[in-house]
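Listed below, chain by chain, are the residues.
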Amino acid sequence: MSKKRIPSLPQLLKSKIYKTGQTRGADDDVIFQNRVNRNSTVLIPYDFYISINEALGNKGKFENGFIVLINPLEYFSKENFENEMLSKGLKLGKNALLFYETRHQWNDYNPISRKLKPATKRTQPLGGSFVARVPSTTSSGDKKISYGFNISKLKGAGIRVYEYASKEVMKDCQNQLEYLFWLCIDSKQVALEAGMTLESIELRKSHIEGICKDRKLANHFLLKENRIIDNDGNTVCPLCLEKLKGIGFLSRLAQAEGRIVPDLTVTEINLFHIKELRTGFFNHKPYNLGWGHHHCNVVCKDSGIIDTLKWMKVIVDKNLKEGIKF
Ligand SMILES: [Zn+2]
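Residues numbered from 1 in each chain as written. Predicted model: local features only at pLDDT ≥ 70, side-chain atom pairs only at ≥ 80, totals over all residues.

What about the domain arrangement of the chain?
Assigned domains of the chain: these are domain 1 (30–163) and domain 2 (167–311). Put simply, the middle of domain 1 and the middle of domain 2, counted by C-alpha atoms, are 34 Å apart. At the interface, twelve residues of domain 1 touch 13 residues of domain 2. Per element, the largest residue contribution to the side of domain 1 that touches domain 2 is three residues, and it comes from helix α2 (residues 46–52). Its residues placed into classes, the side of domain 1 that touches domain 2 shows six nonpolar, three polar and three charged. (Domains from an automatic or database assignment. Contact = placed C-beta atoms within 7 Å. Helix = DSSP H or I, 4+ residues; strand = E, 2+ residues; numbered from the N terminus. Nonpolar A, V, L, I, M, F, W, Y, C, P; charged D, E, K, R; others polar.)

Let's talk about the environment of S152
Along the chain, S152 falls in the loop between β6 (150–151) and β7 (154–155). For the pair S152 and N71, spaced 81 residues apart in sequence, the C-alpha to C-alpha distance is 26 Å.

Considering the packing of helix α6 (residues 167–182) against helix α8 (residues 198–214)
Closest axis-to-axis distance for the α6/α8 pair is 9 Å, and the angle between their directions is 130°. Regarding the angle of α6 to α8, the classification is oblique. The interaxial crossing formed by α6 with α8 has left-handed handedness. Note on element contacts: α8 touches α6 through K205, I208, E209, I211 and C212, opposite N175, Q176, E178, Y179 and W182. Of the residues that constitute the contact of α6 with α8, the class distribution is five nonpolar, two polar and three charged. (Axes fitted to C-alpha atoms, helices over the stretch in contact; angles between N-to-C directions. Parallel < 35°, antiparallel > 145°, perpendicular 65-115°, else oblique. Left-handed = near helix turned anticlockwise from the far one by under 90°.)

Here's the deal with the nonpolar core
Counting residues in each nonpolar core, the largest one holds 67 residues, and the members touching the most others are L43, I67, L97 and V131. A domain split of this core shows at least three residues from each of domain 1 (30–163) and domain 2 (167–311). Every residue in contact with V131, bar those within four places of it in the chain, is listed here: I31, L97, F99, P118, A119, Y147, G148, F149 and A157. (Core = buried A, V, L, I, M, F, W, Y, C linked by C-beta atoms within 7 Å. Buried ≥ 20, exposed ≤ 12 C-beta atoms within 10 Å, placed from the backbone.)

What about the environment of E199?
Within the secondary structure, E199 is located in helix α8. Residue E199 is classed as exposed on the basis of its 10 C-beta neighbours within 10 Å. Along the primary structure E199 and K19 are separated by 180 residues, whereas in three dimensions their C-alpha atoms are 26 Å apart.

Describing the pairing of strand β2 (residues 66–70)
Within β2, five of the five residues are buried, which leaves it mostly tucked inside the rest of the structure. Burial along β2 is two-sided: F66, V68 and I70 and I67 and L69, pointing in opposite directions, are all buried. Sheet topology places strand β1 (residues 42–45) next to β2; four bridges connect them, and they run parallel. Residue pairing for β2: L43 is matched across the bridge by I67. Two strands pair when backbone bridges link them, and β2 and strand β3 (residues 96–100) are joined in this way by three bridges, in the parallel orientation. Counted as the bridge partner of V68 is A96 from β3. (Pairing = 2+ DSSP bridges.)

Some details on helix α1 (residues 11–19)
By the burial criterion, the buried members of α1 are L13, K16 and I17. The arc enclosing the buried residues of α1, seen along the axis, measures out at 95°, which places them on a common side. Residues of α1 that are exposed and point more than 90 degrees away from the buried face comprise Q11, S15 and Y18. Contact partners of the buried residues in α1: α6 and α10 (247–250). (Arc of directions from axis to C-beta.)

Examining unusual backbone geometry
Residue P125 is bonded to the preceding Q124 through a cis peptide linkage, with omega at -15°. Looking at the secondary structure, you find P125 in the loop between α5 (103–108) and β4 (130–134). The backbone phi angle of R227 is positive, close to 65°, even though this residue is not glycine. Note on R227: 18 C-beta atoms within 10 Å, which makes it partly exposed. In this structure, Y287 is a non-glycine residue whose phi angle is positive, near 70°.

Notes on the sheet that holds β2
Across the sheet, which stays open at both edges, the six strands sit in the order β5-β4-β3-β2-β1-β8 with mixed pairing between neighbours. Here the strands that pair on one side only, and so sit at the sheet edges, are β5 (145–147) and β8 (159–160). Pairing analysis gives three bridges linking β3 to β4, with the strands arranged parallel. In the sheet register, F99 faces β4, and the bridge partner there is V131.

Some words on the confidence of the model for the chain
Scored by pLDDT, the chain comes out at a mean of 90, with 92% of its residues at no less than 70. At the low end of the mean pLDDT range in the chain sits helix α11 (residues 252–255), at 48; at the high end sits helix α9 (residues 220–225), at 98. The low-confidence segment residues 253–262, where pLDDT is below 50, has eleven contacts with residues more than four positions distant or belonging to other chains. (pLDDT = per-residue confidence, 0-100.)

Now the structure itself:
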């Protein structure tokens, strides 16, 4: 084994890969945590608890526990509901919370008048038995209602269960994603321009290839099958199947989230989930992650690639039928 220090990646690429281990896109007003590790406490809607109470990896245990969210209507109006919960190992304040998200729930089963306390911790015991995020209504002038996990020190009760990945899975994904960077057609050139030397590029590449071979993360057949690389072994955008250019990983503009990139020659590259993230599945895992164009990603976000392609075909066919030329 070589004792040489493994050279670092260019900073922007390094941080892009690192961030794939974190959750994204939770607003201030929701109960989810934003930009925390994917192995944080997960929030599971009660109806899904039966099917997904086992995590992927770590012997089925969520590394930082879970909180099951209960609809107050169900809790207060369903007969023997507490027993039903108990039979599933669930108890309010221990590993379950009432979650108020509509004004109806708030008015009909008001937790304050029932002398319930908002939760204060993500781990057992939760320090209270409810959490509330009821939006304001402009029509009747009702103010928004927010209780529990709403101060800057303790923002968000946990992450969406489908965003979860164990530490090991997270790391495997990050290594595979770096491996995919190096499979980009011009990755070497881009790394050189970003300040790496040829020697450090070779060292870093063979280091990551070694890890990925050991961890069985370098199966090109599977990567191809999942639209992550093409027949030449180059990384492609999973939707449009165009070969990705390394520069898209390194543009500062592209890194500024929520900004429209004015220079259209720089195509922003984002993390791409091949099978979309949705409740009931753990899809943040190796061979389901690739890199793709920001715009292509936005288009397929919630429906997945194949359904998006079908939708596009319908639109194109319809336009052709109408005689539209483009
Ligand atoms: Zn694309």
